[in-house]
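Geometric and topological summary
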Amino acid sequence: TVGTLIVGGGIAAVRCAERLRRAGDTDPVTIVAAEDGLPYDRPPLSKQALLDSAVDRPVLKSSEALDALGVRLLQARHALRLHRAERRVDLDSGESLSYDDLVIATGSVPRRLPLLDDAAPHYLRTWDDALRLRNALRPASGHVLVVGAGVLGLEIAATSRALGHEVTVVDAAPRVLPRLGGPGLSEIVMALHEQHGVRFALGVTVGSVIPAGDGAATLALSDGTRVDADVVVVAIGAVPATGWLHGSELAGHDGVETDAACRTRDDRIFAIGDVARVERSPGVHERLEHWTSAGDTAAVAARNILARRRDEPPVQLEELPYVWSDQFDGKLQILGTIGPDDDLLPAVDDTESGRWLRLASREGNLVGVVGWNMPAAVNRCRTAIAARAAVTDVVTAAPWERMGRP
Ligand code: FAD
């Protein structure tokens, strides 16, 4: 037996290897990772790692821990091509690795904005990207222009403000967090940023760019304004890393489609994490770029690799989408799937101590919750969201009250 081959090396790959071992798999497990060095975690890269020069690469597993798990890590190797019929993957090192089961965990890469190429903008995905941006943000009191008002763009904006920069965020969408939650959430989050001095140009695109050297540039915006930026950061989303799957018939227009068991159309091949378009409810495939989804899908794939070998029925992904974001001195958390038409009802509005909680209601049922500095309360709403409880019942039960006041 040649065991499981996991292509990736991020959180999804590492969690999958751990889960295989935890479930008693004794067959070989190999991770092929494009980046050099040990697997590391990405969330700190837009937060602590930018704020504090003393913060080192947030390693997920030491080589001793990988050895103890019996996981072979092949670093600095790109998978180039998948040969499904022969169950083999070619690497750029010239090696060709066979597998019994393959896990696609190659994540995603930043969506580029070619218009800005001459200005040498920053993108933030890897540890090297973070070091480069950290250096650029060192001399405080510059002007940072962030293109993209999604979660990552807002985190970079908050961090840049905390470091003492002027910050302008530009987005073509009319509101912040355009792909997350609805307008109600956008308003609350934008107000928070404005309180901290972040400026916004929304519903606006970059028209032209005059580079000024050293990463600085003057940008002309579609609303007629010009911005002189010392640092330009582009955070306009990510695209799945599927180039190496060309010709395999597994990668579609937006990632690798799987069923709820994280299986692709090839029953020996699974896809997890940012790269996977998983069937999250019957007939609905969605790609989530959330840290917890990477772990959840990794666990399901690991279970199902063993289920196939043991001739057991597959387990299905049962997840409540969850994303958090650290901005300024607070923690924003969104649990559940909140659509643009859902109502956000205030449950806690404790502005004095900087905490609030909103219940997302769809036709009277609880579909999600958004919290600011209320982690225990958010967690306590989990069962009610999963059950789609009536919001009136949830308000009466007030699960957030049972956490005790600070
Ligand atoms: P990745 O982390 O992208 O890992 C995939 C790995 O595969 C990469 O190392 C890549 O080099 C490698 N690879 C790609 N192609 C190949 C190939 N052909 N051969 C070999 N290896 C290859 N989520 C949250 O929920 N909360 C947060 O606060 C948060 N903050 C974030 C901050 C930053 C700066 C970033 C970039 C992301 C953040 N995320 C956050 C998202 C979260 O980190 C991702 O959802 C998660 O990293 C996805 O894990 P993954 O293993 O699927 O993919």
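Here, the structure is the one placed above.
Bear in mind that the values here come from a model prediction, so they are computed numbers and not experimental data. (Residues numbered from 1 in each chain as written. Predicted model: local features only at pLDDT ≥ 70, side-chain atom pairs only at ≥ 80, totals over all residues. Heavy atoms only, no water.)

On to the sheet that holds strand 13 (residues 216–221), then. Spatial ordering of the open sheet is given by 12-13-14, a layout of three strands whose pairing is antiparallel. Of all strands in the sheet, those bounded by a partner on one side alone are strand 12 (206–213) and strand 14 (226–229). Going from strand to strand, the sheet's axes swing by 15° on average, the running direction of each strand aside. Here strand 13 runs beside strand 14; their pairing, made up of four bridges, is antiparallel. Across the sheet, the residue bridging to Thr-218 is Asp-228, located in strand 14. (Pairing = 2+ DSSP bridges. Helix = DSSP H or I, 4+ residues; strand = E, 2+ residues; numbered from the N terminus. Axes fitted to C-alpha atoms, helices over the stretch in contact; angles between N-to-C directions.)

On to the layout of surface pockets. Taken as a whole, the second largest pocket spans an internal volume of roughly 390 Å³. Lining the second largest pocket are 16 residues, and of these Glu-319, Leu-320, Pro-321, Thr-337 and Arg-388 sit closest to its centre. If you list the elements that add at least two residues to the lining of the second largest pocket, you get strand 20 (276–281), strand 21 (284–286) and helix 9 (382–386). Ranked by the residues each element gives to the lining of the second largest pocket, the list is headed by strand 20, at three residues. For the lining of the second largest pocket, the class distribution of residues is seven nonpolar, two polar and seven charged. If you count residues domain by domain, the lining of the second largest pocket takes at least three from each of domain 1 (4–109 + 238–310) and domain 3 (329–403). (1 Å grid on protein atoms, 1.4 Å probe; cavity = no way out; pocket = protein on both sides within 12 Å on 5 of 7 lines; lining within 4 Å. Points joined across faces, edges and corners; volume = space filled by probe spheres on them. Nonpolar A, V, L, I, M, F, W, Y, C, P; charged D, E, K, R; others polar. Domains from an automatic or database assignment.)

Take the site of the ligand next. Neighbouring the ligand are 34 residues; Glu-35, Arg-42, Lys-47, Arg-125 and Asp-274 lie closest to it. Measuring from a nitrogen atom of the ligand, one finds a backbone N or O atom of Trp-324 at 3.1 Å. Within the complex, 92% of the 1000 Å² of free accessible area of the ligand lies under protein. Elements with a minimum of two residues in the shell around the ligand: strand 1 (4–8), helix 1 (11–22), strand 2 (29–33), helix 5 (151–162), helix 7 (291–310) and strand 22 (322–327). Two domains each donate at least three residues to the shell around the ligand, and these are domain 1 (4–109 + 238–310) and domain 2 (113–234). (Near = heavy atom within 4 Å. Polar contact = N/O pair within 3.5 Å; in protein donor to acceptor, adjacent residues only side chain to side chain. Areas by Shrake-Rupley, 256 points an atom, 1.4 Å probe, with all protein chains shown as cover.)

Enumeration according to the criterion identifies zero disulfides in this entry. Counting only cysteine sulfurs, Cys-16 is the nearest neighbor of Cys-262, a cysteine outside any disulfide, at a range of 9.2 Å. (Disulfide = S-S within 2.5 Å.)

With that settled, consider the nonpolar core. By size, the foremost hydrophobic cluster in this structure holds 49 residues, and its most contacted members are Ile-6, Leu-82, Val-89, Leu-102, Ile-104, Trp-244 and Ile-272. In contact with Val-89, not counting residues within four places along its chain, are Leu-5, Ala-79, Arg-81, Leu-82, Glu-95, Ser-96, Leu-97, Tyr-99, Leu-102 and Trp-244. Membership of the second largest hydrophobic core comes to 38 residues, among which are Ala-149, Leu-154, Val-176 and Leu-332. (Core = buried A, V, L, I, M, F, W, Y, C linked by side-chain atoms within 4.5 Å. Buried < 20%, exposed > 50% of the residue type's maximum accessible area, 1.4 Å probe, protein only. Contact = heavy atoms within 4.5 Å.)

Hydrogen bonds along the backbone pair up the strands of a sheet, which may run parallel or antiparallel. Taken together, five strands build an open sheet; the order of strands is 3-2-1-7-19 and the sheet is parallel. Either end of the sheet is taken by a strand with one partner, and the two such strands are strand 3 (71–74) and strand 19 (269–271). Taking the axes of each pair of neighbouring strands and ignoring which way they run, one obtains an average angle of 20° across the sheet. Where strand 2 meets strand 3, four bridges bridge the pair, whose relative direction is parallel. By the bridge assignment, Val-32 is partnered in strand 3 with Leu-74. Contacts from helix 1 reach strand 1, strand 2, strand 3 and strand 7 (101–104), with the element oriented near 175° to strand 2. Together, strand 1, strand 7 and strand 19 form the strand contacts of helix 7, whose direction differs from that of strand 7 by roughly 165°.

What follows concerns the packing of aromatic side chains. Taken as a whole, this structure holds three aromatic pairs when the rule is applied. Measuring from ring centre to ring centre gives 5.7 Å for Trp-291 and Trp-324, while their planes differ by 80°; the resulting arrangement is edge-to-face. Pair noted here: Trp-291 is in helix 7 and Trp-324 is in strand 22, with a separation of 33 residues, a long-range link. Of the residues examined, Trp-291 reaches a relative accessible area of 31% and is grouped as partly exposed. Cation over ring: Arg-112 sits above Tyr-123, and NZ or CZ is 3.9 Å from the ring centre. (Phe/Tyr/Trp six-rings, centres within 6.5 Å; stacked < 30°, edge-to-face > 60°. Lys NZ or Arg CZ within 6 Å of the ring centre and 35° of its normal.)

Within the secondary structure, Leu-51 is located in helix 2 (residues 48–51). Between the C-alpha atoms of Leu-51 and Thr-159, which are 108 residues apart in sequence, the distance is 6.6 Å. Sequence-distant contacts of Leu-51, that is, excluding residues within four places in its chain, are made with Arg-138, Thr-159, Ala-162 and Leu-163.

Another point: helix 7. Taking 1.5 Å per residue, 20 residues should reach 28 Å; helix 7 reaches 29 Å between its end C-alpha atoms and fits that length. Positive phi appears at Asp-311, one or two residues downstream of helix 7, with a value of about 60°. (Expected span 1.5 Å × (residues − 1).)

The end-to-end C-alpha distance of helix 6 (residues 183–195), which contains 13 residues, comes to 18 Å, matching closely the 18 Å that a straight helix rising 1.5 Å per residue would cover. Residues of helix 6 that are buried in the fold lie against helix 5, strand 11 (199–202), strand 22, strand 23 (330–336), strand 24 (343–350) and strand 26 (365–372). Positive backbone phi, at 90°, marks Gly-197, one or two positions downstream of helix 6.

What follows covers the side chain of Thr-30. Tracing the backbone through its elements, the reader meets Thr-30 in strand 2. The exposure class of Thr-30 is buried, given its relative accessible area of 8%. Apart from the residues within four sequence positions on either side, Thr-30 is in contact with Thr-4, Leu-5, Ile-6, Arg-72 and Leu-74.

Residues other than glycine seldom take positive phi values, yet Ala-120 does so here, at roughly 50°. Given the relative accessible area of 39%, Ala-120 is considered partly exposed.

Distances and angles like these do not, on their own, reveal function.
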